[in-house]
Amino acid sequence: MKYSTYLNYLLIFIGSMVAIYAQAGVKQDVVVLILGIIILMFGLYRISSTLSSKKQSKESHEPNQKDDA
């Protein structure tokens, strides 16, 4: 579990560094920039897929009420 989390953060870091490096030069290398963005987005996708949704349905919040009538 920890290895996967570190790998995700490493992918984000490497992707962002590659994208910044591609833009730093006088002549911008578009292929390297796109590659960096792809690596960055892949890392973000992996992190977001492991997060759980906090939105719950209304039915789970309301207590069960029985009509006595």
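Bear in mind that the values here come from a model prediction, so they are computed numbers and not experimental data.

Caption draft 1: Just helix H2 (residues 30–50), in detail. For H2, with 21 residues, the first-to-last C-alpha span of 31 Å sits near the 30 Å given by 1.5 Å per residue. Turning to H2, its buried residues are Leu33, Gly36, Leu40, Gly43 and Ile47. One face of H2 carries all of its buried residues, which in axial projection span an arc of 100 degrees. Exposed and facing more than 90 degrees away from the buried side of H2 are Val30, Val31, Ile38 and Tyr45. Packing partners of the buried residues in H2 comprise helix H1 (2–24).

Caption draft 2: Representation of the environment of glycine 15 in the model. With respect to the helices and strands, the residue glycine 15 is situated in helix H1. Separated by 23 residues in sequence, glycine 15 and isoleucine 38 have C-alpha atoms that sit 7.2 Å apart. Excluding anything up to four places from it in sequence, glycine 15 contacts Gly36, Ile39 and Leu40.

Caption draft 3: Local environment of the packing of H1 against H2. One way to put it is that H1 packs onto H2 with a least axis distance of 7 Å and a crossing angle of 155 degrees. Here H2 runs roughly antiparallel to H1, going by the angle between their axes. Considering the relative orientation of H1 and H2, their crossing is left-handed. For the pair formed by H1 and H2, the contact residues are Ser4, Leu7, Asn8, Tyr9, Leu11, Ile12, Gly15, Ser16, Val18, Ala19, Ala22 and Gln23 on the first element and Val32, Leu33, Gly36, Ile37, Ile39, Leu40, Phe42, Gly43, Leu44, Arg46 and Ile47 on the second. Here the residues of the contact of H1 with H2 are counted per class, giving 15 nonpolar, 7 polar and 1 charged.

Caption draft 4: Representation of the environment of leucine 40 within the structure. With respect to the secondary-structure elements, leucine 40 resides in helix H2. Between the C-alpha atom of leucine 40 and that of phenylalanine 13, which follows or precedes it by 27 residues, the distance is 7.3 Å. Excluding anything up to four places from it in sequence, leucine 40 contacts Leu11, Ile12, Gly15 and Ser16.

Caption draft 5: How the structure looks around H1. Helix length check: H1, at 23 residues, gives a terminal C-alpha distance of 33 Å against a target of 33 Å (1.5 Å per residue), a fit within 8%. Regarding H1, the residues found buried are Asn8, Leu11, Ile12, Gly15, Ala19 and Ala22. For H1, the secondary structure elements touched by its buried residues are H2.

Conventions used here
- Residues numbered from 1 in each chain as written.
- Predicted model: local features only at pLDDT ≥ 70, side-chain atom pairs only at ≥ 80, totals over all residues.
- Heavy atoms only, no water.
- Helix = DSSP H or I, 4+ residues; strand = E, 2+ residues; numbered from the N terminus.
- Expected span 1.5 Å × (residues − 1).
- Buried < 20%, exposed > 50% of the residue type's maximum accessible area, 1.4 Å probe, protein only.
- Arc of directions from axis to C-beta.
- Contact = heavy atoms within 4.5 Å.
- Axes fitted to C-alpha atoms, helices over the stretch in contact; angles between N-to-C directions.
- Parallel < 35°, antiparallel > 145°, perpendicular 65-115°, else oblique.
- Left-handed = near helix turned anticlockwise from the far one by under 90°.
- Nonpolar A, V, L, I, M, F, W, Y, C, P; charged D, E, K, R; others polar.

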